[in-house]
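Residue-level structural notes
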Amino acid sequence: MTPLTGDGPGPTLAGVGRPGPPVRGAIALKQVGLDLAVPPAQGVVVLGMHRSGTSLAAGLLELGGLRMCLQADLVEACWSNPTGHRESRRLLAANDQLLAELGSAWDRPPACDVSERLRALVPVLGESLRAEFLASYPASGWIWKDPRTAITLPFWREVLPEFAVVLMLRNPLEVAGSLERRNGLDTKRSLELWESYLSHAIAALSGLPVMVSWYPSVLTVPRAWVNRVRDFLAGHGLLPGPADWEAIEGLASRALHHHRHDDIAVFAADAVTASQAGLYHLLLQLPEQVDDWPVRNVGARQVTSRPSSASASATASATASATASATAMATASATAEVADAPRVTPPGPEPVRTVWVAGFPSRYGGADTELDHTIDLWRSAGFAVHLVPMFGATDEMVRSVIARGCEVHAYRPGIFRDRTVVSYCNGEFLRLLPEIVETGRPGRVVWFNCMTWPFENELRAHEAGWIDVFGFVSNYQESQLRPHLERIAPYKTFPYRPYFNARRVPWQPREFAGIYGLGRISRDDSAKFAPDTWQIFDRVLVPANLRKKVFILGHGPNAAARIGLPPVGLDWLTWSPDAIPSADFYRRINTMIHKTGGSSESYCRVVVEAYAHGVVPIVEDAYALPELVVHGETGFRSSDSDEMSYLASVLAFDERRHRAIAEAGRRHLEELVNQDAALRGWLEVL
């Protein structure tokens, strides 16, 4: 690509040749400490489907130090975009001209790959349209936004200088709702447009630096997003000017987010075709920053299974329809893969072992967190993993499991027919089990109870013979549940070992650094908190060079009613459940004191998490905790509140001993959650 400046003769456009790197840009970059092997970016192109937040992104980046087109050329705001379109009149006309040359329009995009046809227009229209661009953007550091460019990008890559791309993405059902409001388009037509625009875009980005952004995230954390884009651009030689942070917050606060849908709805909606679901599946896997756009076509395969109201015949044809897109490019998109990103299941025969999960993981809590890590274990062994949320799922976690190669399905009767189903303490699965069996009995049901007492629906299912295998997270838990189960009928189990992916938490020794952090983490359940919780922390003594601070994650109305107010003078901070990631909590504390208010711990996963983060656990000498904590070596066990305070005090005065116990805890963790041992049980049951 040619360097763009506002003076001097323009380049000679002949074919698709490109001159060498711009010398002035390279010298300027070296002056600020950057030495790039490729020419620096001169500007930013914002790509995305109409109604996907491209206007908001362009407006925020303008406030973040980039140059919009000349004011006289700017399209005015209107009722459908009250904060402004951020589009150039000249370049809208230029893109419309290019589309017309293809026999297309913004709402009638080409139905096939037109990149060669667009490049063939460069000798004819390149000089004149480049002049139009210069007339609207006379200086570098520009930002250009027009959704039509998603289709015409192959032409502009031959005409413009080096540039970076911000690719704006939005849930296609939200896009469809917005297009219906603005243009009166029905859902089917809107989804076809969304598929076409995104298919053209991702096929044309090869080799470009791209930042992938989702509209809700841009709207929610605009300052953080602008900062990330500025850092991304600086890495490619484009140094934005000063940012107006106050105006950035103001613009985002005026933007609107109508027509909200979660990611699961895309895979469940009958209006969404299999190829559209496949394309969305691909988009969800894209990393946020890509220095060299890595999407590659790896051949036809099914990338998602989208349940519909159609019968088994439609399900049987999902593979074919997922790779038989409305356009050739959509096929390539739906079957593409992202290099250097978490892998989806590679093409080829289905893995020998396939597991269906009734429920969904989370990053907070016991059973759902255990499922989250077990997914890592299954995928490491090549298992095909299908997840069916029974209580809903967060968009963040949907994207996480898809990036790890799982497939997500909406629940419908008959979905588990003849399949191996695993459920971690999911009450909705138990409630629906009679319907599940009636409409399509699973081939095998593996059930985990996360408590030390049985559920009524669990006992009914056991009596009916609907649960084939029971999993237990500890010997203590099985000892508590065995009498209830055997009273009804014999049960089958397998050598299960809870798994924790310790590679998620790089080892970093915990230092006091002037503060001795004490903490407690749990769900907001009164039975989880001892009535004297505050007093236990208050009695801990620290040396004069340390300040004691107490942190509690999971402190809600139930916990507050149980433990009361903290003593006067105690330095403390609490969060409600899920207010911060649990990793943030562990990074703040040195020692965890875990005493319940009568809740018998079936496993106590928070001890495992404490080991991973270098936090020393002090726990009750009861329940399953002796199976996890080696007293005096990896932590301490005591059921006496005063002794718990004393043990925490001893550690405060002996940082070397605290460090040694923390390191022993991390080594013990590797034994507790040994991957090979954990996998052996699953290989047996599956």
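The structure reproduced in this document is the subject of the present report. Starting from 1, residues in each chain are numbered consecutively following that chain's sequence as written. Note on the predicted model: pLDDT of at least 70 is required for a residue's local features to be given, and 80 or more for side-chain atom pairs to be given and counted; whole-chain, interface and lining totals, by contrast, use all residues. Side-chain measures here rest on the full set of heavy atoms in the structure, leaving out hydrogens and waters.

Observations regarding the overall build of the protein chain
The condition is simple: Numbering of helices and strands starts at the N terminus; helices are DSSP runs of H or I of at least 4 residues and strands are runs of E of at least 2. Throughout, exposure labels follow a simple rule: accessible area from a 1.4 Å probe, protein chains only, divided by the maximum for the residue type, with under 20% read as buried, over 50% as exposed, and the rest as partly exposed. Every residue pair with non-hydrogen atoms within 4.5 Å of one another is taken to be in contact. Method for areas: the Shrake-Rupley scheme with a 1.4 Å probe, in which residue coverage is limited to the protein chains shown.
Counting its regular elements, the protein chain contains 28 helices and 19 strands. Of all 686 residues assigned to the protein chain, the portion counted as buried reaches 56%. A separation of at least 24 residues holds for 76% of the contacts in the protein chain among residues at least 6 apart in sequence. Carbon together with sulfur atoms contributes 51% to the accessible area of the protein chain, which is approximately 27700 Å² in total.

Quick word on the packing of aromatic side chains
The geometry of an aromatic ring pair is captured by two quantities: the separation of the ring centres and the angle between the planes. Definition in use: Here the aromatic set is Phe, Tyr and Trp, taking the six-membered ring for Trp, and pairing holds for ring centres within 6.5 Å; pairs whose planes are under 30 degrees apart are stacked, those over 60 apart are edge-to-face, and all others are tilted. Here, over-ring charges are defined by two tests on the NZ atom of lysine or the CZ atom of arginine: distance to the ring centre within 6 Å, and angle to the ring normal within 35 degrees.
By the definition in use, this model includes 29 aromatic pairs. Between the aromatic rings of Trp378 and Trp682, the centroid separation amounts to 5.1 Å while the plane-to-plane angle is 80°, which identifies the pairing as edge-to-face. Taken together, the residues span a long stretch of sequence, with Trp378 in helix α17 (residues 367–380) and Trp682 in helix α28 (residues 675–685) at a distance of 304 residues. A residue is classified by how much of its surface remains accessible, and Trp378, at 0% relative accessible area, is buried. The class of Trp682 is buried, set by a relative accessible area of 0%. Centre to centre, the rings of Tyr496 and Trp682 are 5.8 Å apart; their planes meet at 85°, and the pair counts as edge-to-face. Highlighted residues: Tyr496 in the loop between α21 (475–486) and β14 (515–521) and Trp682 in helix α28, separated in sequence by 186 residues. We note that Tyr496, like Trp682, is buried. Joined through ring pairs, the aromatic side chains of Phe133, Tyr137, Trp142, Trp144, Phe155, Trp156 and Phe163 make up one cluster. In this structure, Arg399 packs its charged tip against the face of Trp214, placed 4.3 Å from the ring centre. Seen from the ring of Phe529, Arg520 lies directly overhead, with NZ or CZ sitting 5.0 Å from the centre.

Let's talk about the state of the cysteines
Keep this limit in mind: Throughout, disulfides are identified as pairs of cysteine sulfur atoms within 2.5 Å of each other.
Inspection of every chain in the model, using the stated rule, returns one disulfide. In this model, Cys425 is linked to Cys450 through a disulfide, with the two sulfur atoms separated by 2.4 Å. Disulfide Cys425-Cys450: the torsion about the S-S bond is -55°, which places it as left-handed. Of this pair, Cys425 sits in the loop between β11 (420–424) and α19 (427–440) while Cys450 sits in the loop between β12 (444–448) and α20 (456–464); the two residues are 25 residues apart in sequence, bridging distant segments of the chain. Judged by relative accessible area, which is 17%, Cys425 ranks as buried.

Remarks on the sheet that holds strand β9 (residues 384–388)
Worth spelling out the cut-off: DSSP calls a pair of strands paired once it identifies at least 2 bridges connecting them. Orientation is described by lines fitted to C-alpha atoms, with helices fitted over the stretch in contact, and by angles between N-to-C directions that extend from 0 to 180 degrees.
Spatially, six strands are ordered β10-β9-β8-β11-β12-β13 in an open sheet, and the strand pairing comes out parallel. The open sheet has two free edges, formed respectively by β10 (407–408) and β13 (469–471), since each of these has just one partner strand. Relative to the sheet, α17 contacts β8 (354–358), β9 and β11, its axis offset from that of β11 by approximately 140°. In the packing of α19 onto the sheet, contacts are made with β8, β11 and β12, and the angle to β12 comes to roughly 145°.

A word on α19
How we decide: To estimate the expected span of a helix, subtract one from its residue number and multiply by 1.5 Å. A residue's bend is simply the angle between two axes: one fitted to the seven residues ending at it, one to the seven starting at it. Each polar contact in these results corresponds to two N or O atoms within 3.5 Å; when the atoms are within protein, one needs to be able to donate a hydrogen and the other to accept it, and residues that are neighboring in sequence are counted only if both atoms are side-chain atoms.
For α19, spanning 14 residues, the distance from its first C-alpha to its last is 19 Å, which sits close to the expected 20 Å at 1.5 Å a residue. The largest bend in α19 is about 50°, located at Leu433, with the proline Pro434 one to four residues further on. Those residues of α19 not exposed but buried are Glu428, Phe429, Leu430, Leu432, Leu433, Ile436, Val437 and Gly440. Considering only its buried residues, α19 is in contact with β8, β11, β12 and α20. Among the residues of α19, the N-terminal cap falls to Asn426, whose side-chain oxygen and the backbone nitrogen of Glu428 are separated by 3.2 Å.

Examining the nonpolar core
What tends to happen in soluble globular proteins is that the nonpolar side chains get buried as a cluster. So the rule is basically this: What makes a nonpolar core is a set of buried Ala, Val, Leu, Ile, Met, Phe, Trp, Tyr and Cys residues whose side-chain atoms join them at distances within 4.5 Å.
Counting 149 residues, the largest nonpolar core has Phe155, Trp156, Trp225, Leu283, Trp378 and Trp682 as its most contacted members. Sorting elements by how many residues they give to this core places helix α8 (residues 187–204) first, with eight residues. Judged by nonpolar contacts, the second largest core, of 25 residues, contains Ile536, Val550, Ala559 and Leu651.

Notes on the environment of Val422
Position of Val422 relative to the elements: it lies in strand β11. Here Val422 falls in the buried class, since its relative accessible area comes to 0%. For the pair Val422 and Val469, spaced 47 residues apart in the sequence, the C-alpha separation amounts to 9.4 Å. The residues touching Val422, leaving out its near neighbours within four places in the chain, are Val355, Trp356, Val357, Ala358, Trp378, Val446, Phe448 and Trp682.

As for the side chain of Ser474
With respect to the helices, strands and loops of the structure, Ser474 is situated in the loop between β13 and α21. Ser474 sits in the buried class, given a relative accessible area of 6%. A distance of 3.0 Å separates a polar atom in the side chain of Ser474 from the backbone nitrogen of Gln477.

Notes on the sheet that holds strand β18 (residues 616–619)
Two orientations exist for strands paired in a sheet by backbone hydrogen bonds: parallel and antiparallel. An order of β16-β15-β14-β17-β18-β19 is seen for the six strands of this open sheet, with the pairing classed as parallel. In the strand order of this sheet, the two ends are held by β16 (572–575) and β19 (636–637), each with one partner. Pairing analysis gives four bridges linking strand β15 (residues 547–553) to β16, with the strands arranged parallel. Bridging across to β16, Val550 finds its partner in Trp572. Relative to β18, helix α27 (residues 655–672) is tilted by about 85°, and along the sheet it contacts β17 (591–594), β18 and β19.

Notes on helix α3 (residues 89–101)
Threshold: To obtain the arc, one takes the directions from the helix axis to the C-beta atoms.
Over its 13 residues, α3 extends 19 Å from the first C-alpha to the last, a length consistent with the 18 Å expected when each residue adds 1.5 Å. Listed as buried for α3 are Leu91, Leu92, Ala94, Asn95, Leu98 and Leu99. Taken around the axis of α3, the buried residues stretch over an arc of 160°, which confines them to a single face. Where α3 is buried, its residues contact α5 (122–136), β2 (142–145) and α6 (149–159). If you check the start of α3, you find a side-chain oxygen 3.3 Å away from the backbone N of Arg90, and it comes from Ser88. One or two positions beyond α3, positive phi appears at Gly103, with a value near 75°.

Quick notes on unusual backbone geometry
Even without a glycine there, the phi angle at Ala513 is positive, about 50°. As for its position among the elements, Ala513 is in the loop between α21 and β14. Since its relative accessible area comes to 72%, Ala513 is described here as exposed. Unusually for a residue other than glycine, Cys604 sits at a positive phi of about 70°. The topology assignment puts Cys604 in the loop between β17 and α25 (605–612). According to the relative accessible area criterion, Cys604 is buried, its value standing at 6%.

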